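# Fold and geometry: a report
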Amino acid sequence: MAANRNRRLIMWLGMAALALVPPVSLALSQPYYVDLFTRILIFSIAALSLDLIISYGGMLSFGHAVYLGVGAYAVGIADAYGIDSGLFQLLVAAAATAAIATFIGLVSLRTSGVHFIMITLAFSQMIYFLSISVNKFGGEDGMTLNQRGQFGSLIPLDNANVLYYFVFAFLALFLWIQSHLVRSRFGMVIRGARTNPRRMAALGFPVFRYQLGAFVISGVMCGVAGALLAEQALFVSPAIMQWSRSGEIMVMVIMGGMGTLFGPILGAVAYLVLEDVLTGLTQYWGFFLGIILVAIILMGRQGIMSLVYGLRWKSSHG
Amino acid sequence: MAEPLLIADQLTKRYGGLTALDGVSLAVEAGGLHAVIGPNGAGKTTLVAHFAGELIPNSGSIRFAGEDITELPAYARAARGLSRSFQVTSIFGDLSVADNVSLAIQAHAGHSFRFWRAAEEDEVLRAPALQILADLGLADRAQESAANLAHGEKRVLEVAMVLASRPRLLLLDEPMAGMDPGDAVRIVKLLAELKRRYTILLIEHDMDAVFGLADRISVLVYGQVIATGTAAEIKGNEEVRRAYLGDEEVA
Ligand SMILES: Nc1ncnc2c1ncn2[C@@H]1O[C@H](COP(=O)(O)OP(=O)(O)OP(=O)(O)O)[C@@H](O)[C@H]1O
Ligand SMILES: [Mg+2]
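Residues numbered from 1 in each chain as written. Chains lettered and ligands numbered in written order. Predicted model: local features only at pLDDT ≥ 70, side-chain atom pairs only at ≥ 80, totals over all residues. Heavy atoms only, no water.

On to the overall build of chain A, then. Tallying secondary structure elements over chain A gives 14 helices and two strands in all. Radius of gyration (C-alpha) of chain A: 19 Å, near the 20 Å computed for a compact globule of 318 residues. Along the three orthogonal principal directions, the C-alpha set of chain A runs to about 50 × 50 × 40 Å. Relative to its 318 residues, chain A shows a buried fraction of 53%. Taking the contacts inside chain A whose residues are at least 6 apart along the sequence as the reference set, 77% of them involve residues at least 24 apart. Accessible surface, chain A as shown: approximately 13900 Å² in total, 68% of it carbon and sulfur. (Helix = DSSP H or I, 4+ residues; strand = E, 2+ residues; numbered from the N terminus. Rg over C-alpha atoms; globule rule 2.2 N^0.38 Å. Buried < 20%, exposed > 50% of the residue type's maximum accessible area, 1.4 Å probe, protein only. Contact = heavy atoms within 4.5 Å. Areas by Shrake-Rupley, 256 points an atom, 1.4 Å probe, with all protein chains shown as cover.)

This next bit is on the environment of S25(B). Residues and elements named next belong to chain B. Checked against the element boundaries, S25 lands in strand β2 (residues 18-28). For S25, a relative accessible area of 29% corresponds to the partly exposed category. For the pair S25 and Q10, spaced 15 residues apart in sequence, the C-alpha separation works out to 5.0 Å. Setting aside anything within four residues of it in sequence, one finds S25 in contact with A8, D9, Q10 and V225. In terms of polar contacts, S25 uses its side chain to reach the backbone amide nitrogen of Q10, at 2.9 Å. (Polar contact = N/O pair within 3.5 Å; in protein donor to acceptor, adjacent residues only side chain to side chain.)

We now examine the sheet that holds strand β1 (residues 6-15) of chain B. Residues and elements named next belong to chain B. Across the sheet, four strands lie side by side as β2-β1-β4-β5; this open sheet has antiparallel pairing. The two strands at the open ends of the sheet, each matched to only one other strand, are β2 and β5 (67-68). Docked against the sheet, helix α1 (residues 44-52) engages β1, β2 and β4 (59-64), running at close to 120° with respect to β1. (Pairing = 2+ DSSP bridges. Axes fitted to C-alpha atoms, helices over the stretch in contact; angles between N-to-C directions.)

To continue, consider the interface of chain A and chain B. At the interface, 28 residues of chain A touch 36 residues of chain B. Between chain A and chain B, roughly 2900 Å² of surface is buried when both sides are summed, and carbon and sulfur atoms account for 60% of that area. A salt bridge links R198(A) to E54(B); the shortest N-O distance between them is 3.0 Å. In this structure, the connection of chain A to chain B is made through 17 residue pairs in polar contact (both at pLDDT 80 or more). If you list the elements that add at least two residues to the side of chain A that touches chain B, you get α7 (160-181), α8 (185-195), α9 (197-203) and α10 (207-233) of chain A. Of all the elements, α8(A) adds the most residues to the side of chain A that touches chain B, at eight residues. When the residues that make up the side of chain A that touches chain B are grouped by side-chain class, the tally is 15 nonpolar, six polar and seven charged. (Buried area = accessible area lost by both parts, 1.4 Å probe. Salt bridge = Lys/Arg side-chain N within 4 Å of Asp/Glu carboxyl O. Nonpolar A, V, L, I, M, F, W, Y, C, P; charged D, E, K, R; others polar.)

Expected angles at a metal are 109.5 degrees for tetrahedral coordination by four donors and either 90 or 180 degrees for octahedral coordination by six donors. All names here are of chain B. In the first shell of the magnesium ion (ligand 2), the protein supplies T45 (OG1) and Q87 (OE1), at 1.9 to 2.1 Å from the metal. Linking T45 in helix α1 with Q87 in the loop between β6 (82-84) and α3 (97-106), this pair joins segments that are 42 residues apart in sequence. On the basis of relative accessibility, which here comes to 31%, the residue T45 falls in the partly exposed class. The exposure class assigned to Q87 is partly exposed, which follows from its relative accessible area of 29%. (Donors = N, O, S within 2.8 Å, 3.2 Å for Na, K, Ca; no water.)

Moving on to the sheet that holds strand β8 (residues 199-203) of chain B. All names here are of chain B. With mixed pairing, six strands are arranged side by side in an open sheet as β6-β7-β8-β3-β9-β10. Of all the strands in the sheet, just β6 and β10 (224-229) have a single pairing partner and so form its edges. Each neighbouring strand pair of the sheet contributes to a mean axis angle of 15°, computed without reference to strand direction. As judged from the four bridges shared by strand β3 (residues 33-37) and strand β9 (residues 216-221), these two strands associate in the parallel manner. The residue bridging V36 from the neighbouring strand is S218, located in β9. Where α1 meets the sheet, it contacts β3, β6, β7 (169-173), β8 and β9, and its direction lies at approximately 150° from that of β7.

Below, the discussion takes up the domain arrangement of chain B. Residues and elements named next belong to chain B. Split into domains, chain B comes out as domain 1 (1-81 + 167-251) and domain 2 (89-166). Summarising the inter-unit geometry, the C-alpha centres of domain 1 and domain 2 are found 26 Å apart. Contact residues are listed per partner, giving 19 residues for domain 1 and 12 residues for domain 2. Area buried by domain 1 at its contact with domain 2 is led by P167, R186 and L190, which between them contribute 37% of it. Our count for the contact surface shared by domain 1 and domain 2 stands at zero salt bridges. Counting across the interface, domain 1 meets domain 2 through three residue pairs in polar contact (both at pLDDT 80 or more). Breaking the side of domain 1 that touches domain 2 down by element, the ones donating at least two residues are α2 (74-79), β7 and α6 (181-194). (Domains from an automatic or database assignment.)

On to a nonpolar patch on the surface, then. Residue and element names in this part refer to chain A. A cluster of nonpolar side chains, contributed by L20, V24, L28, Y32 and Y33, occupies part of the molecular surface with about 460 Å² of accessible area. The residue Y33 is located in helix α3 (residues 32-56) in this model. Classification of Y33 by relative accessible area gives partly exposed; the value is 32%. (Patch = residues over 30% accessible without salt bridge, like charges linked within 9 Å, V, L, I, M, F, W, Y side chains within 5 Å.)

Moving on, we get to the site of ligand 1. Residue and element names in this part refer to chain B. Not every one of the 14 residues close to ligand 1 is listed here, only the nearest: G41, K44, T45, T46 and Q87. Contacts to ligand 1 include G41, whose backbone N or O atom sits 2.9 Å from an oxygen atom. G43 places a main-chain nitrogen or oxygen 2.9 Å from an oxygen atom of ligand 1. Protein burial of ligand 1: of its 640 Å² of free accessible surface, 60% is covered by the chains. Top contributing element to the shell around ligand 1 by residue count: α1, with three residues. (Near = heavy atom within 4 Å.)

Turning our eyes to something else, we now look at the packing of aromatic side chains. Residues and elements named next belong to chain A. Using the criterion set out here, one finds 18 aromatic pairs over all chains in the structure. Geometrically, the ring pair formed by Y32 and Y33 is tilted, given 6.4 Å between the ring centres and 45° between the ring planes. Relative to F288, the ring of F287 has its centre 5.3 Å away and its plane inclined at 80°; by these criteria the two rings are edge-to-face. For F287, a relative accessible area of 55% gives the class exposed. (Phe/Tyr/Trp six-rings, centres within 6.5 Å; stacked < 30°, edge-to-face > 60°.)

If you want it as structure tokens, here you go:
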């Protein structure tokens, strides 16, 4: 279908542009851009993971940053115990977020609507306050890591460009997986359960287990993002899973375009670049960010993606 | 004699002070069309929801194919072949017509923890879905978004989804609801055809359709079955006449 082809084209172009960030920042002698965009790619993964459950699955999780936090703390704690294998750290982060997401999902997916929002928020607050109160791992002040995870001499994460492409590879992998997943049988079940759960049950689908599956996949994806954030910043603190962070990730998804695959990535780029630019210009950056956000949302249901579609439409007709 | 395919025994459902089902007992024999008629608010849809597993009765029991299913969740009943349609059209408007039917096929084609292959390109789902659409005369609408169908076509899709879910018993809740007479004739023909292949429990308002199609008829009034019998028996029943049928309709 034409819409599908367009979507795939935007995905390829967008990823190609992101792949050019290190050489461009080198040409501009602005190494800072590599750091900024590493962070942006990490949040892109988080936004992508949230998009899966809120847009396709209709599960309005308002505590998604908790998986960032759990993934990051998994790496931080592994590091504190002297485990420096990067692969092992990532596996610990994935396992920890899978366990937490399973638990949160088992409880909260029994509810829906506002209750679901509240209960996912409540769980994330619980874990947030837990991270504040455990002094062994830095408490409120957070913990500093000794070094980045080791992936052998071929992948020295201490090199900013290597770290960038390392994160890029994860984003590309997850985007690829998600583009298949949402059209697969599994994807059809969670999408059907969003629009008409009653009919899905009448057709014979035990929707709960599929929703839980999507919830856990999304949590693990976001957990990997959290682990990468810890590797990049070499620092982990409770702030990473504050409820406002969950809100930011949701804003990225809505801003970029819900259920458009590449949209949430565009949203993460737009949000964090705007934040970066506006904080340099004015102390009221939050206000202006808000105005821009409202404008983007008024542009269409698919956020920035509707703008991209609009351009393509015009160019092919004129 | 074999046990009837579906048996309701003394089903009672209360909503606060309102008793929507008041000791309903009913037996649907395998291989026929059993119609349930009754005035608005009699409890017909409530009864279907109990058979489909969306509602659990306050008391009473339901047996299907020799098994007590009173407490079984809806999806598990559908897996056993109890397949319902909805009086208020309940399709996936954001999906194509073919996707709607494919989804019904998928529900009975093993588990759905399959993450890679596009369901749309899966012949195992697509081929039988297109076949059903062709049988029901919707083949040329297969790629259309379901939301764009005309009302009559949506009602046909509603039935197509039931047929796609490997039913042993069709629970059809007013399949002709809101249709204009021309489209309704199409559905009546379809039902006459389907009743040779399936056991059907039909909820319907249209008396002509019911008397023409049904092997047995139960009359539900205020949550109670006041009569069950053949078309002739129901037409001749004094109580039914008084409670429900206008005299001119019976003549
Ligand atoms: N969820 C509910 N809460 C309270 N009352 C309900 C509920 N659902 C149905 N009822 C009531 O139960 C009675 C039976 O409703 P039901 O929908 O089963 O009737 P029906 O025979 O299908 O009517 P119709 O011919 O209009 O479709 C009605 O009086 C209705 O108002
Ligand atoms: Mg009804």
